[in-house]
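# Summary of structural features
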Amino acid sequence: MEAIVTCEKHIGNKTEYFGIAEINKRVEKVKIEAQKILQLGDAVDLSNNYTSAPNKQLSKELAEKLELQVESRINKEAYDNVANETRHITEKMWSRLAEAAKVLLTKLAYSAPILIRYHNDIDGASGAYALYKAISSIDSNANIIWQMHKSIAYSEQDAETDMLLTNAYTCVTKPLLLITDFGTSEESEKGIEAIREKMDIIWLDHHPVFDSFKWKSLNHYINPWLFGGDSNYTAGLLTCTFVHAFSNVDTRSIEQASLIGDYSKYMKPDSASKELATVLDIATSDTHLAGSHNENLTPEAIDNVLQNEAKKREIIIYASNRMSDLLDNAISSIKQYSSGKLSIYVADFEKIRNGNEERYPLPGRFASKLMDKIEEENNGECVCVTILHFGPFISLRASKKGGEEINLLKVIEKIKEKYGSAIESAGGHTSAASIKLADKEIKQSIIADAISLLKTL
């Protein structure tokens, strides 16, 4: 049986080879245990492990057969996700999701390197976990690099890192970069420009699309905002929907966890999805609690926690107690400003933590929980905004009531215009946004300006 070498993976002085072969009239990917140096396109006799036809190259017939196989795996009918109200949006996006799925399946078939970057929150992690479950169900030997991303921007430095990571591979097709739950901010433009010609890109997002963002230059940029939807169709939900273009794994609880994480109006939480959301929140806040030995978190590590009932229960109880204590501290120390019907609450997360260095919860997520607590204490009748600050970070959250009229992105845009390069990055959604400062010495001035701008709304 003959295989064609399609990818080389270089690890120090060792090279691993991957290829495709026609087995029982189907094109299958294979790992080649070679006894000598091979080149892309070499034909290898798998029974004897020798090169039978150097530089034979991938035949047009074999490539076409693979293409037909990929096509046959694509689900033609749009997936019914848990947010039934979004069916019309899903149907509009389905052909784009199907085309992106073909790209992913083709990269998997050729054993090309696939770099998956996901935002380090419940929404981003739920999307990564769905991808992990779907890809593992069809390919247990994929060359995938998982990268948890602590920003909503894709920088030039990120592009350089990704090129270095994929330089370990030589393949008949480009590497694939798959991004989920990043904002389409101006800060991403240089990074995307640097990587665009080097890799194929699938970008699944749900943040509002800025006018200046060149999303049309990306063949597989998919965002509900471009199909009549909005940010309530979360990135995790979008990614779960995407995986159903090529697999049939059960993602219902993952979809709900995503909706819970981003406070989507479509969420209908049950006990399983609440627990999953809590695990994802903890794991992405403090990777060590999920058993990871570094700052990166893989979906496999998430899966290990979920499969260990005792470990899962332990960290859920820890999360509940820790959050309760911090919320009590916050309510007793918060500052309130009023303007008409709007109340503005400002909280210093460093004081709330009171010197405790535990990483859970991260400031932005705590800001959302604090908003929940304030609304609860006001019986849901509060029209308000919370401003939580910590180091160089400022997180803003708007209440459910009146939240549609309070567009936090407009506030952030005006602050960016005034402070320019002093703002390292900023973005988010109309009711939940954040700012990272290049110079935290101006933080109090920016908070004062934010309060003034909110009072004019």
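In this report, we go over the structure that sits alongside the text.

### Quick look at the overall build of the protein chain
Along its length, the protein chain carries 14 helices and 17 strands. Taking the principal axes of its C-alpha atoms as reference, the protein chain extends roughly 80 × 50 × 45 Å. Here the protein chain holds 457 residues, and the buried ones make up 53% of them. Contacts spanning at least 24 positions in sequence make up 65% of the contacts within the protein chain whose residues lie at least 6 apart. Looking at the protein chain as shown, the accessible area adds up to about 20,500 Å², and 47% of this sits on carbon and sulfur atoms. Put simply, the protein chain has 53 plus and 65 minus side-chain charges, and the middle of one group is 1 Å from the middle of the other.

### Looking at the pairing of strand S3 (residues 26-32)
For a regular strand, side chains alternate in direction, first toward one face of the sheet and then toward the other. The pairing of strand S2 (residues 14-23) with S3 spans 7 bridges and is classified as antiparallel. Opposite Gly19, over in S3, you have Val30 as the bridge partner. Where S2 folds back on S3, the antiparallel hairpin that results is connected by 2 residues, among which Asn24 adopts a positive phi of roughly 50°.

### Some points on the state of the cysteines
The full count for this structure, using the stated rule, is 1 disulfide. One disulfide bridge connects Cys382 with Cys384, the sulfur atoms lying 2.1 Å from each other. Each member of the pair, Cys382 as well as Cys384, is classed as buried. Among the cysteines around Cys7, which has no disulfide bond, Cys171 carries the closest sulfur, lying 3.9 Å off.

### Considerations on the packing of helix H8 (residues 271-285) against helix H10 (residues 309-333)
To characterise two packed helices, one gives the angle between the axes of the helices and the distance between these axes. Following both chains from N to C, one finds H8 and H10 inclined at 80°, their axes separated by 10 Å at the closest point. Classed by the angle they form, the pair H8 and H10 counts as roughly perpendicular. Note on element contacts: H10 touches H8 through Lys312, Arg313, Ile315, Ile316 and Ala319, opposite Glu275, Thr278, Val279 and Ile282. Within the contact of H8 with H10, the residues separate by chemical class into 5 nonpolar, 1 polar and 3 charged.

### Focus: the packing of aromatic side chains
Evaluation of the coordinates by the stated rule reveals 7 aromatic pairs. Measuring from ring centre to ring centre gives 6.0 Å for Tyr318 and Tyr360, while their planes differ by 50°; the resulting arrangement is tilted. Highlighted residues: Tyr318 in helix H10 and Tyr360 in the loop between helix H11 (349-353) and helix H12 (363-377), separated in sequence by 42 residues. Consider the rings of Phe349 and Phe390, whose centres lie 5.5 Å apart with planes at 75°: the pair is edge-to-face. Here the residue Phe349 occupies a position in helix H11, and Phe390 occupies one in strand S14 (residues 384-390), the gap between them amounting to 41 residues. In textbook terms, an aromatic cluster arises when at least three aromatic residues are bridged by ring pairs, as seen for Tyr129, Tyr132 and Trp146.

### Concerning the environment of Cys382
Along the chain, Cys382 falls in the loop between H12 and S14. The class for Cys382 is buried, based on a relative accessible area of 6%. Between the C-alpha atom of Cys382 and that of Lys31, which follows or precedes it by 351 residues, the distance is 60 Å. In this view, Cys382 contacts Tyr345, Ile374, Ser399 and Lys401; residues no more than four positions away in its chain are not counted.

### Describing the pattern of salt bridges
For the coordinates displayed, the defined rule picks out 28 salt bridges. Its salt-bridge partner being Glu91, residue Arg87 comes within 2.8 Å of it at the nearest N-O pair. Highlighted residues: Arg87 and Glu91, both in helix H2 (residues 87-109), separated by 4 residues, approximately one helical turn. The shortest N-O distance in the salt bridge between Arg196 and Glu193 comes to 3.4 Å. Judged by relative accessible area, Glu193 falls into the partly exposed class, the value being 47%. The network of salt bridges with shared partners includes Glu71, Lys76, Glu99 and Lys102.

### A few points about the sheet that holds strand S7 (residues 144-149)
Taken together, 5 strands build an open sheet; the order of strands is S7-S6-S9-S10-S11 and the sheet is parallel. Only two strands of the sheet have a single partner each, and these edge strands are S7 and strand S11 (220-222). Averaged over all adjacent pairs, the angle separating strand axes in this sheet is 10°, with direction ignored. Pairing of strand S9 (residues 176-180) with strand S10 (residues 200-204), which is carried by 5 bridges, proceeds in the parallel orientation. Looking at S10, one finds that Leu176 is bridged to Asp200. Strands in contact with helix H3 (residues 122-138) are strand S6 (114-119), S7 and S9; relative to S6, the strand with the most contacts, it is inclined by about 150°. Against the sheet, helix H6 (residues 235-243) touches S9, S10 and S11, its axis set at about 125° to S10.

Cut-offs used in this document
Residues numbered from 1 in each chain as written. Predicted model: local features only at pLDDT ≥ 70, side-chain atom pairs only at ≥ 80, totals over all residues. Heavy atoms only, no water. Helix = DSSP H or I, 4+ residues; strand = E, 2+ residues; numbered from the N terminus. Buried < 20%, exposed > 50% of the residue type's maximum accessible area, 1.4 Å probe, protein only. Contact = heavy atoms within 4.5 Å. Areas by Shrake-Rupley, 256 points an atom, 1.4 Å probe, with all protein chains shown as cover. Lys, Arg positive; Asp, Glu negative; His and termini not counted. Charge placed at Lys NZ, Arg CZ, Asp CG, Glu CD. Pairing = 2+ DSSP bridges. Disulfide = S-S within 2.5 Å. Axes fitted to C-alpha atoms, helices over the stretch in contact; angles between N-to-C directions. Parallel < 35°, antiparallel > 145°, perpendicular 65-115°, else oblique. Nonpolar A, V, L, I, M, F, W, Y, C, P; charged D, E, K, R; others polar. Phe/Tyr/Trp six-rings, centres within 6.5 Å; stacked < 30°, edge-to-face > 60°. Salt bridge = Lys/Arg side-chain N within 4 Å of Asp/Glu carboxyl O.

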